[in-house]
Amino acid sequence: MTDLQIELEETDSKGRYFYRPEGTDDEAEITFSRVSPTRIIVDHTGVPDTMRGQGIGQRLAEFVVRDARQKGISIIPLCPFFNALAQRHKDWQDVVQF
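Residues numbered from 1 in each chain as written. Predicted model: local features only at pLDDT ≥ 70, side-chain atom pairs only at ≥ 80, totals over all residues. Heavy atoms only, no water.

Q: What is the right way to look at the nonpolar core in this model?
A: The tendency in soluble globular proteins is for nonpolar side chains to be buried side by side. By size, the foremost hydrophobic cluster in this structure holds 26 residues, and its most contacted members are Val42, Leu60, Ile75, Phe82 and Trp92. Those elements giving two or more residues to this core turn out to be strand 2 (14-19), strand 3 (28-36), strand 4 (39-46), helix 1 (56-71) and helix 2 (80-88). Of all the elements, helix 1 adds the most residues to this core, at six residues. The residues contacting leucine 60, other than those within four sequence positions of it, are Ile6, Tyr17, Phe18, Tyr19, Ala28, Glu29 and Ile30. (Core = buried A, V, L, I, M, F, W, Y, C linked by side-chain atoms within 4.5 Å. Buried < 20%, exposed > 50% of the residue type's maximum accessible area, 1.4 Å probe, protein only. Helix = DSSP H or I, 4+ residues; strand = E, 2+ residues; numbered from the N terminus. Contact = heavy atoms within 4.5 Å.)

Q: Quick question: what am I supposed to make of the sheet that holds strand 4 here?
A: Strand pairing within a sheet occurs via backbone hydrogen bonds; the two strands may be parallel or antiparallel. Pairing is mixed in the open sheet, where five strands are placed in the order 1-2-3-4-5. Of all the strands in the sheet, the pair left with one neighbour each is strand 1 (6-10) and strand 5 (74-77). Neighbouring strand axes in the sheet, compared pairwise and without regard to direction, differ in orientation by 25° on average. With seven bridges joining them, strand 3 and strand 4 adopt antiparallel strand pairing. By the bridge assignment, serine 33 is partnered in strand 4 with isoleucine 41. (Pairing = 2+ DSSP bridges. Axes fitted to C-alpha atoms, helices over the stretch in contact; angles between N-to-C directions.)

Q: Would you mind showing me how to read the pairing of strand 1 here?
A: For a regular strand, the rule is simple: side chains alternate between the two faces of the sheet. Here strand 1 pairs with strand 2 via five bridges, running antiparallel. Residue pairing in the sheet places isoleucine 6 in a bridge with tyrosine 19 of strand 2. The antiparallel hairpin formed by strand 1 and strand 2 contains three residues in its connecting segment.

Below is the structure:
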């Protein structure tokens, strides 16, 4: 699989990272709420059935972590999927707060 074209949409208090394959209306996403200028709560990961089993949820999560590092943001993982990944990825501890 090639690099995913992951995009970010955000307002002052909410946002989402999403991936939409060319030629489809389906989207995989990770949504978040901003609790301060330097802290977000990841609250949901959604991957449609048409994209399951391809590692897209994990790649979205990895992108969120990289973006948080670049922006100096910490992540509170309330989403069960993101939380489970963060528990396994000890190298995310610099940006993930449990």
